[in-house]
Protein chains: 2
Amino acid sequence: MGKEITSRSQDYSQWYIDLVKKADLAENSDVRGCMVIKPYGYSIWEKMQQALDKMFKDSGHVNAYFPLFVPKSMFEAEEKNAEGFAKECAIVTHYRLKTDPNKKGKLMVDPDAKLDEELVVRPTSEAIIWSTYKRWIQSYRDLPLLINQWANVVRWEMRTRLFLRTAEFLWQEGHTAHATQQEAIRETEQMLNVYAEFAESFMAMPVIKGKKSEGERFPGAIDTYCIEAMMQDGKALQAGTSHFLGQNFANAFDVQFTNKEGKLEKVWGTSWGVSTRLIGALIMAHSDDDGLVLPPKLAPIHVVIVPIFKNEEEMKKISVQAELIAGTLRKLGYSVKFDNRETHKPGFKFAEYELKGVPVRIAIGPRDLENGTVEVARRDTKTKQVMPIDTVAEAIPALLENIQENIYQKALAFRAFMMTPVDSYEEFKTVLDTKGGFVLAHWDGTAETEASIKEETKATIRCIPLDAKAESGACVYSGKPSTKRVLFARAY
Amino acid sequence: MGKEITSRSQDYSQWYIDLVKKADLAENSDVRGCMVIKPYGYSIWEKMQQALDKMFKDSGHVNAYFPLFVPKSMFEAEEKNAEGFAKECAIVTHYRLKTDPNKKGKLMVDPDAKLDEELVVRPTSEAIIWSTYKRWIQSYRDLPLLINQWANVVRWEMRTRLFLRTAEFLWQEGHTAHATQQEAIRETEQMLNVYAEFAESFMAMPVIKGKKSEGERFPGAIDTYCIEAMMQDGKALQAGTSHFLGQNFANAFDVQFTNKEGKLEKVWGTSWGVSTRLIGALIMAHSDDDGLVLPPKLAPIHVVIVPIFKNEEEMKKISVQAELIAGTLRKLGYSVKFDNRETHKPGFKFAEYELKGVPVRIAIGPRDLENGTVEVARRDTKTKQVMPIDTVAEAIPALLENIQENIYQKALAFRAFMMTPVDSYEEFKTVLDTKGGFVLAHWDGTAETEASIKEETKATIRCIPLDAKAESGACVYSGKPSTKRVLFARAY
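Residues numbered from 1 in each chain as written. Chains lettered and ligands numbered in written order. Predicted model: local features only at pLDDT ≥ 70, side-chain atom pairs only at ≥ 80, totals over all residues.

**Here's the deal with the overall build of chain A**
Thinking step 1. Along the backbone of chain A there are 14 helices and 27 strands.
Thinking step 2. For chain A, the C-alpha radius of gyration of 26 Å lies close to 23 Å, the compact-globule estimate for 492 residues.
Thinking step 3. Counting only contacts in chain A whose residues sit at least 6 apart along the sequence, the fraction spanning at least 24 positions is 67%. (Helix = DSSP H or I, 4+ residues; strand = E, 2+ residues; numbered from the N terminus. Rg over C-alpha atoms; globule rule 2.2 N^0.38 Å. Contact = placed C-beta atoms within 7 Å.)

Set out below in structure tokens:
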């Protein structure tokens, strides 16, 4: 089963596509660029949603829902935002189909049902939300507004890849409004920290927090903060962004409030989002040639129990023990599957759950019953150990914690290895071409240099790390002076 | 505060609109027919989702996600379904905007970015899902497929009303595939029962289970089952539908499977859905002239504690007690708000939480502290009682259960009162015009009679109740023979 997956060393891109398909996570639909998220893939998204939603609510945010469509005139109100998304928008122009008089049983767009004003399918919701906030905000008492939305968005990408870049994707988008600049910046930073915490504690994926260069900023933002992760092929992946919008959308939609002194002021804004792209990141950060490696905190199934039996009597005895173990674990809140199918052999099942990334597998055979033991295999290290059948359930929680931590530490060590400081453009290019990963280099801060480097090497500035040390140096490209290193990489 | 709501007796429609607005549930957006679901309204939807999602999963269903867009050729494959929705579809025809050369800072649809094939924004997902199921189903081993999707859908309704009928709405849609007709019918009935159970146990809203007449069937279904509820103004509301699709979509998309005997057979299907419309039903079933009345199982806040104080010292003492009560209740899983705002008076707060439908209000003043008591008010009956401060928290769970049951019983008694059997068309019309409600009448089973009655009275056949007793009679309209009474009503 696992054999049908191309190995990472052979073709990393194909490995990813094979894995997404074989592990039943998602597939391309018949609609250009849109994916179908299959049940197993969606259950990982549900796990992500639950954890994030709790973190948002614990930090004072509430959920709401805003329209899918943005009228063109509203869409274009914030010019930079509009310009940034105009080239990749799905546009609704009509609201009715009618019978095609020339083709039996076929429909055609009814020309009489043309909209007076076209509707843009939201690529992001700042415009529709700030046009609403205008009605909701009059006084400082109405602030802050701390609202999140779980929704689908559409960006007409020309080259798509399952989870990583699709025309339609699922995400959450937070949109907050504040009385002061300081408070809005604090919110932007807070949500960046929430994302980093989620990536590291739940996804077991270390990230670097930083700010985007001007050229990579969200259209309409004053500052874009991001978390950047390292994939196993040495390419970076932007895993979440948090934008300080300044007063740009307040200006575009005339959103003002009366402050405590009775004076009118413009509102300050932020927005922040993560998407189903994170599922792609999760796969590429940890999985191997045999299939998914899922951190227990996001695994739809924590433990699978596989019986090894030759006849019904053996199966019966094993079932009793399996149900005892499963029952104990379920009471503790773990998801346990007892795979008692008689149509498949244990070896097939082992491969299947390796493919699906179930963190712990317990195998129970007749000899185990005699010895009062079970065989416990962990997916991350592929190691097995024999454990007493009576206490195995009690040992699982610590084992799962250990797996979660081990997956993180492995990714952290890899990320550390993939951080290379370079001091010349030659070295910069050599590292990119031979080792990949993050290249820490001095940059003169100009858009020209950034563009030239991108043009020549396909590497972009992933971020200016928030914890970058002050260090005087010379730009690897122009030789001009620089005060700190920034993070370059080729990226998804 | 409550005074700003029009009374039900004065203008029921206006009462509803006022309440949705004043209780901060939703509002119309600047996008035609689309609503903004505000945080308080959305939190009710989240409660509904949680309960339903658990019921779906407990009955073996899993969630997945399918594309928002349906290519026109796919949309028209099942002819009746296409015909039923063609008149109210949002159609995407272009995928790019460009700078308008004639208007500075404005955008226009780029005529060079016209799609070869138009995309329909899903009004329902049978087409896109069955075109996918074709890939997923080969053998009887692949069946049944028991999949649900939480999503937004768009139907270009001309007359909209918040929650009840909007161009975009949120819903869940289950789509299942089965090897046999019998199993698919059983699934259709099972999900109808799940909806009825949810309506009655969570929404505290009694419903009548039945089948739609042919004229009211879902386009593309062989049979549509529904649950029908009674609103306080005597109008009926369809609260959920479950469709037996037969092999219609399997035929349209050529979905076949190899049975155990190795022969090819067409797959049988069902689909079923409930939407944010349920929030409208919830409001109209129970609420009163002072605001929302929410059944505890769906109330975002179960208990509000309002301190009554003159100075900081009193406030301090009250806070200690309030936090004790709140802490105990929160540990039990209840949502408790301690409203310690000093900017608003208790009377204002009382009115606000009545408006928001918080089931239980606890007021604590200095005299209460002296007496060791608190005042407990229930929203449903507006009765108050004095309870010992030390044991009030322990008494709340039973009180909330009592409120849940009382709201249901009240609605059940009203519904019983609003069921009127009639035996002549005169009586039929009189009851509709004077009392409203469900009218149980004999019907000759023809579409002509149904249409004439609808034309003349605006009443439709809500359903043919599943538990209708065999009873010979004469159609109230045509006098032709009939074997059972069906349920007529004017409806939302």
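Now that the structure has been shown, we can carry on.
**Some words on the relation of the copies chain A and chain B**
Thinking step 1. Of the transformation placing chain A onto chain B, the axial shift is 0.0 Å and the rotation is 180°, giving an RMSD of 0.0 Å. This pairing of chains is accounted for by a two-fold axis. Across chain A, the rotation axis passes nearest the C-alpha of Val92(A), at a separation of 2.1 Å. (Least-squares fit on C-alpha atoms with pLDDT ≥ 70 in both.)

**Quick word on the sheet that holds strand 10 (residues 168-178) of chain B**
Pairing between the strands of a sheet comes from backbone hydrogen bonds, and it takes one of two forms, parallel or antiparallel.
Residues and elements named next belong to chain B.
Thinking step 1. Read across the sheet, eleven strands follow the order 3-9-10-16-13-12-11-24-27-23-22 without closing on themselves; strand pairing throughout is mixed. What marks the edges here is a single partner per strand, and that holds for strand 3 (62-63) and strand 22 (419-421).
Thinking step 2. Pairing of strand 23 (residues 438-442) with strand 27 (residues 485-489), which is carried by four bridges, proceeds in the antiparallel orientation. By the bridge assignment, Ala441 is partnered in strand 27 with Val486. (Pairing = 2+ DSSP bridges.)

**A short note on the interface of chain A and chain B**
Thinking step 1. Taken residue by residue, the interface counts 51 residues in chain A and 51 residues in chain B.
Thinking step 2. Of all the elements, strand 5 (residues 91-94) of chain A adds the most residues to the side of chain A that touches chain B, at four residues.
Thinking step 3. Looking at the side of chain A that touches chain B residue by residue, the class counts come to 31 nonpolar, eight polar and twelve charged.
Thinking step 4. Bridge analysis of strand 5 of chain A against strand 5 (residues 91-94) of chain B gives three bridges, and the strand direction is antiparallel. Bridge assignment links Val92(A) to a residue of strand 5 of chain B, and that residue is Val92(B). (Nonpolar A, V, L, I, M, F, W, Y, C, P; charged D, E, K, R; others polar.)

**Some remarks on the pairing of strand 20 (residues 373-378) of chain B**
All names here are of chain B.
Thinking step 1. Judged from the four bridges that link them, strand 19 (residues 360-364) and strand 20 form a sheet pairing that is antiparallel. Across the sheet, Ala363 pairs through a bridge with Glu375, a residue of strand 20.
Thinking step 2. By the bridge criterion, five bridges tie strand 20 to strand 21 (residues 384-388) in an arrangement that is antiparallel. Note that in strand 21 the partner of Ala377 across the bridge is Lys384.
Thinking step 3. Where strand 20 hands over to strand 21, the hairpin turn is made up of five residues, of which Lys382 adopts a positive phi near 60°.

**Considerations on the nonpolar core**
Thinking step 1. One finds Ala229(A) and Ala229(B) to be the most contacted residues of the largest nonpolar core, which totals 315 residues.
Thinking step 2. Filtering out sequence-adjacent residues up to four positions away, Ala229(B) remains in contact with Ala199(B), Met205(B), Val207(B), Ala236(B), Leu237(B), Ala239(B), Ala281(B) and Ala285(B). (Core = buried A, V, L, I, M, F, W, Y, C linked by C-beta atoms within 7 Å. Buried ≥ 20, exposed ≤ 12 C-beta atoms within 10 Å, placed from the backbone.)

**Overview of the packing of helix 9 (residues 312-331) of chain A against helix 12 (residues 392-417) of chain A**
Residues and elements named next belong to chain A.
Thinking step 1. Two elements in contact, helix 9 and helix 12, have axes separated by 9 Å at closest approach and are oriented at 45°. In terms of orientation, helix 9 and helix 12 fall into the oblique class. The handedness of the crossing between helix 9 and helix 12 comes out as right-handed. Side by side, helix 9 and helix 12 meet where Ile325, Thr328 and Leu329 of the first sit next to Val392, Ala393 and Ile396 of the second. (Axes fitted to C-alpha atoms, helices over the stretch in contact; angles between N-to-C directions. Parallel < 35°, antiparallel > 145°, perpendicular 65-115°, else oblique. Left-handed = near helix turned anticlockwise from the far one by under 90°.)

**Digging into the pairing of strand 9 (residues 145-154) of chain B**
Residue and element names in this part refer to chain B.
Thinking step 1. A large share of strand 9 lies buried, amounting to eight of its ten residues.
Thinking step 2. In the sheet, strand 3 pairs with strand 9 via two bridges, with the strands oriented parallel. Bridged to Val62 within strand 9 is Ile147.
Thinking step 3. In the sheet, strand 9 pairs with strand 10 via ten bridges, with the strands oriented antiparallel. The residue of strand 10 that forms the bridge with Val154 is Glu168.

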